[in-house]
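Chain and residue survey
What follows is the residue order along each chain.
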Amino acid sequence: MNIAEKTVDNTISLSQKLYIKNHHRHHHIVTLLRLLILILFLGIWEYAGRMKIIDTFFFSSPSMIAAYFKEMLLDGSFFTHTGITLFETLISFLLITLISMIMATLLWYSKTLSEILEPYLVVLNSLPKSALAPLFIVWLGTGINTIIVAGISVAIFGSIISLYTGFKQVDKEKLKLIYTLGGSRITAFHKVVLPSSIPVILSNMKVNIGLALVGVIIGEFLAARKGLGYLIIYGSQVFKLNMVITSIIILCVIAMGLYQFIQWLEHLYKKKS
Amino acid sequence: MNQTILECKNICFSYHNLNGETKALTNISFQVNKGEFLAIVGPSGCGKSTLLSIIARLLEPESGEIIFHEQENLKIGYMLQQDHLLEWRTIWKNVLLGPEITKTLTKQKEDLALKLLSDYGLIKFKDKKPSELSGGMKQRAALIRTMVMEPGLLLLDEPFSALDYQTRLMVSADIGNIIRASGITAILITHDLSEAISLSDRILVLTKRPATIKNNIPVHLSLSDNSPLAARNAPEFNDLFTLLWKEISDEYCGENC
């Protein structure tokens, strides 16, 4: 009995082994090539700088960026600027999520309200939101309020529309089920619409966190004395290109981190359900 | 003994849009007796589901009235075409959805739910998610969800139509037996004539839209075993089927012949 099982196992594992081997090999090659591109890019950049093929005053170089980054770490400016940008982004993101959830719920609840507001939402959503930033400065002054509002303005309208569309797509028969069991429209919302919209809400959050960062950087360009957006604009004005490029790289890492954070939430949710 | 539980009097209903009015039901009148199993058949799109929604008080009739003779607020159970179990809830949480919504979840309700789950062979699947159950089991869970509300009248809106043929035969027999055993009054809407004959005591035939009642056919099958599957072998089955088929196909022919 045991022997028979073993032979069966062995015949399966032979092709399975090959499959796993190929799979890992493919995976390694992809990772290797990814790293190679990065190393080549940094190498050519550094080499071109040292050989004076490019002017490091304008283009900086990996070693100069590393040195500048170390300087930022030592004098603590990394923490203040990154911290403030992160803080503003997270506050914007939370407010976007909160406001758009409330608005989408109201629109779902009242068909008339959604009909009334639809053209306004469409217009506001298609407007380039960066055009609003100067207005916010006049209204709210320079500082953190303006930047958070700028962050909110970029994502809020699209977020309301996509959540509302998601809510509307819930199976009508499931709503009927709640009504046949004696439930109201509010019951239908929290027993059916909300739980079945969680995937939509999570993917909406992924879009929002990226857009909030975009809005915050626009705000910092125009109305800040601190933050990565401020460093980028200030650095470009005084020709400290090390400062600009280092800030951009930090921004890249933040954007990726924030996205991964929501991805992780999504993963947790999927694992639970 | 033949106590009337529900009476529909001259029910009319139309759907409206800007292009005009679509009459769905005209002058529908019938009665249902306590403990009776009534089937309603008719051409597709004739307004059968609309009628059921009106009885369930989900829609207001345009004219006419629905009278519940026994008690004004008769509890009505409704089974939809699909099970619509909520996939993020366990079977246990799904069958208790009704009491949870109406805030009537008591120990006694939980005991009833447990009893129904074990009676219908689902007790082992109590803590499973709906996706782990077969189509027939899901439909049974949906029936338990309805029965936990202890309805005085059960409305079945083509509850087997989403199942494949074999499962459908099994589940309709299964659910038919459960309903018979509980003695509950039921109205079944179906387009499957043999299902109507094998399950019901009486069949109402509706015309095509705007629907009126075309015929009212009592079903008396001479059988010792009253199960829906055995009913298909009753000597009267074929005659009834032919009669029903003629009634329905006349409706289709009205347009095409």
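Residues numbered from 1 in each chain as written. Chains lettered and ligands numbered in written order. Predicted model: local features only at pLDDT ≥ 70, side-chain atom pairs only at ≥ 80, totals over all residues.

**Focus on the environment of N10 of chain B**
All names here are of chain B. With respect to the helices and strands, N10 occurs in strand β1 (residues 4–17). A residue is classified by how many C-beta atoms lie within 10 Å of it, and N10, with 13 of them, is partly exposed. Each residue touching N10, except ones within four places of it in the same chain, is listed here: N27, S29, S63 and G64. (Helix = DSSP H or I, 4+ residues; strand = E, 2+ residues; numbered from the N terminus. Buried ≥ 20, exposed ≤ 12 C-beta atoms within 10 Å, placed from the backbone. Contact = placed C-beta atoms within 7 Å.)

**Topic: the domain arrangement of chain A**
Taken as a whole, chain A is organised into domain 1 (2–54) and domain 2 (64–272). Computed over C-alpha atoms, the centres of domain 1 of chain A and domain 2 of chain A are 36 Å apart. (Domains from an automatic or database assignment.)

**Some words on the confidence of the model for chain B**
All names here are of chain B. Residues at a pLDDT of 70 or more form 96% of chain B, whose mean pLDDT is 85. Per-element confidence in chain B ranges from a low mean pLDDT of 72 for helix α8 (residues 228–231) to a high of 94 for helix α2 (residues 91–95). Here the prediction assigns the complex a pTM of 0.83, and the interface score ipTM is 0.86. (pLDDT = per-residue confidence, 0-100.)

**Here we look at the interface of chain B and chain A**
Taken residue by residue, the interface counts 13 residues in chain B and 15 residues in chain A. Looking at the side of chain B that touches chain A, the element that brings in the most residues is helix α3 (residues 97–101) of chain B, giving three residues. Taken together, the residues of the side of chain B that touches chain A break down into nine nonpolar, four polar and no charged. (Nonpolar A, V, L, I, M, F, W, Y, C, P; charged D, E, K, R; others polar.)

**Looking at the packing of helix α3 (residues 62–75) of chain A against helix α12 (residues 241–272) of chain A**
Residue and element names in this part refer to chain A. Running from amino to carboxyl end, α3 crosses α12 at an angle of 80°, the nearest separation of the two axes being 9 Å. In terms of their interaxial angle, α3 and α12 are classed as roughly perpendicular. The segment α3 lies against α12, with M64, I65, Y68, F69 and M72 engaging N242, M243, I245, T246 and I249. Residue composition of the contact of α3 with α12, by class: eight nonpolar, two polar and no charged. (Axes fitted to C-alpha atoms, helices over the stretch in contact; angles between N-to-C directions. Parallel < 35°, antiparallel > 145°, perpendicular 65-115°, else oblique.)

**A few points about the sheet that holds strand β4 (residues 63–68) of chain B**
All names here are of chain B. Sheet architecture is open: three strands sit in the order β2-β1-β4, paired in antiparallel fashion. The sheet terminates laterally at β2 (20–33) and β4, the two strands that pair on one side only. Recorded for the sheet is a direction-independent mean angle of 20° between the axes of neighbouring strands. The sheet contact formed by β1 and β2 spans ten bridges and is antiparallel. By the bridge assignment for β2, E7 is matched with Q31. Against the sheet, helix α1 (residues 48–55) contacts β1, β2 and β4, and its axis sits at roughly 60° relative to β2. (Pairing = 2+ DSSP bridges.)

**Here we look at the sheet that holds strand β3 (residues 37–41) of chain B**
All names here are of chain B. Judged by pairing direction, the sheet is mixed, and its six strands sit side by side in the order β5-β6-β7-β3-β8-β9 without closing on themselves. Of all strands in the sheet, those with a lone pairing partner are β5 (76–79) and β9 (213–218), marking the two edges. Going across the sheet, the axis of each strand differs from the next one's by a mean of 15°, ignoring polarity.

**Details of the pairing of β9 of chain B**
All names here are of chain B. Bridging between strand β8 (residues 202–206) and β9 involves five bridges; their strand directions are antiparallel. Residue pairing in the sheet places R202 in a bridge with P218 of β9. Linking β8 to β9, which pair antiparallel, is a turn of six residues.

**Overview of unusual backbone geometry**
The phi dihedral of N10 of chain B falls on the positive side, at around 45°, and the residue is not glycine. Non-glycine residue H84 of chain B carries a positive phi angle of around 50°.

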